[in-house]
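# A structural walkthrough
Here is what each chain is made of, one letter per residue.
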Amino acid sequence: MRGQDEPTLVIRGATVIDGTGAAARPGTSIVVRGDRIEWLGPDGSPNVPRSPDVAIDAAGAAVIPGLIDAHVHLSSDPGAEGWRQRTEGALGEWLRGGVTGVRDMAGDARAIRPLAEAVDAGEVEGPKIDFTAIVAGPGFFVDPRARASSAGIEPGEAPWARAVEPGSDIEAIVEAAAATGATGVKAYALVDPELLARIATAAHRRGLKVWSHATVFPTRPSEAVSSGVDVLSHAGYLVWEGSPPTLEYTERGNGNYMGVPPDDRAVGAALEAMAANGTMLDATVALMARIVGRGDNGQLRADWTYEIVRRAHEAGVDVVAGTDFPAAPGSPPSIHEELAVLVEKVGLTPLDAIEAATRNGARAIGIEGDYGTIEPGKVANLVILDADPLTDIRNTTRIRAVIKDGEVVDPAR
Ligand SMILES: [Zn+2]
């Protein structure tokens, strides 16, 4: 579809933070043709068209890749009154808040697929949606969330929320999961390591990603890694590496944070295994910042989680920015809060945090060939900021303009 007759957009004078982890480049022009980045380099280069269709003066501004929230739930209960309208409203706010991609981590494929397709077709304004099909042991399907996302179908029988056990026809189940349009399969609970490995092999063969919680009960974090999971969610669950495995997945938040310190040898070995296997960590730290005041162990669990994410990053694990909660309507998308916690509590540099929400998010989804960084050939998803996010990560909320698929997003509704 690319050609010389496609519209050109040029951003001049920008300080570009490209999402690869490279240092910021001031005095940079970005040339976009159609929906792709064609070139970027020094202002004034002969490669910059003199009269593009759209010219943006970004002097004094920073440009980052469109943000990716790698952990959202859009369609947990699509049967609820006004769901589609409310969700479309949120998607528009997220996009204008700088989010150009999301990974939806469990919901009703009958609702999310048409929504994802409507976004792709330009009928709904919002981030590109990739979504998952979940698998779990039969014991999970009494969970009201599993029931709400497969209303009208016997719990555990929907192809996007499927019960699995050792005797299941895994090939057929993964085939059906792929047919829902999902990008990945997510193992949720009550899957043993051997079964998880069979699921991962079948999924990878079909080009699907494999995602799971950091423990899948009884599967420990390190066993999820060796079973072939690509991305582990919720860093706090890494505590289960140092505790006896349990079959009570509802106890997942009550790990032994007191008895298993972040420098526990088994947990450290699990982090090293993640780094060696290229397993990514969807940390969800802002969620922890929110539970601090809750229950007896809120503060302990939050501090443990921050420390384990810091150690994971230090060990060479790629951290992914995901939120798992929606912001209140009218406030910036919660990915900005995740970025702030990654810097202020965990101790990542702003550059690393931005990489977590851009390049690493795209890699977690498996779309890094087209998305996640500002490089020639990539889809032009860009956020222009009025202030430098490297001096204060909270400047990611100071959005001047968002560009998605090469087009400037209308700031008003
Ligand atoms: Zn979630």
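### Regarding helix H4 (residues 170-179)
Among all positions of H4, only Ile 170, Ile 173, Val 174 and Ala 177 are buried. For H4, the arc enclosing every buried residue in end-on projection is 95 degrees, short of the 170-degree limit, so these residues lie on one face. Looking at the buried residues of H4, the elements they touch are strand E8 (128-136), strand E10 (161-163), strand E11 (184-187) and helix H5 (193-205). In the stretch just after H4, Gly 181 is the one whose phi turns positive, near 95 degrees.

### Considering the packing of aromatic side chains
For the structure on display, the rule yields six aromatic pairs. Considering the side-chain rings of Phe 140 and Phe 141, the 5.1 Å spacing of their centres and the 75 degrees angle between planes classify their relative orientation as edge-to-face. The structure contains a cluster of three or more aromatic residues connected by ring pairs, namely Phe 140, Phe 141, Tyr 188 and Tyr 249. Above the ring of Trp 211, the side-chain terminus of Arg 103 is found at 4.6 Å from the ring centroid.

### Observations concerning empty space enclosed by the protein
One pass over the full model with this rule turns up three cavities of 30 Å³ or more. Quantified by volume, the largest cavity comes out at close to 100 Å³. Lining the largest cavity are 15 residues, with Ile 68, Thr 100, Tyr 371, Gly 372 and Asn 381 sitting closest to its centre. For the lining of the largest cavity, the elements supplying multiple residues, two or more each, are strand E7 (99-104) and E8. Here the element with the most residues in the lining of the largest cavity is E7; it accounts for three residues.

### Some remarks on the coordination of the zinc ion
Protein-derived ligands of the zinc ion are His 71 (NE2), His 73 (NE2) and Asp 324 (OD), with the metal-ligand distances lying across 2.1 to 2.4 Å. Along the chain, the residues that donate to the zinc ion are spaced as H-x1-H-x250-D. Among the residues examined, His 71 registers a relative accessible area of 0% and is labelled buried. A relative accessible area of 32% means that His 73 is categorised as partly exposed.

Scoring rules and cut-offs
- Residues numbered from 1 in each chain as written.
- Predicted model: local features only at pLDDT ≥ 70, side-chain atom pairs only at ≥ 80, totals over all residues.
- Heavy atoms only, no water.
- Buried < 20%, exposed > 50% of the residue type's maximum accessible area, 1.4 Å probe, protein only.
- Helix = DSSP H or I, 4+ residues; strand = E, 2+ residues; numbered from the N terminus.
- Arc of directions from axis to C-beta.
- Contact = heavy atoms within 4.5 Å.
- Phe/Tyr/Trp six-rings, centres within 6.5 Å; stacked < 30°, edge-to-face > 60°.
- Lys NZ or Arg CZ within 6 Å of the ring centre and 35° of its normal.
- 1 Å grid on protein atoms, 1.4 Å probe; cavity = no way out; pocket = protein on both sides within 12 Å on 5 of 7 lines; lining within 4 Å.
- Points joined across faces, edges and corners; volume = space filled by probe spheres on them.
- Donors = N, O, S within 2.8 Å, 3.2 Å for Na, K, Ca; no water.

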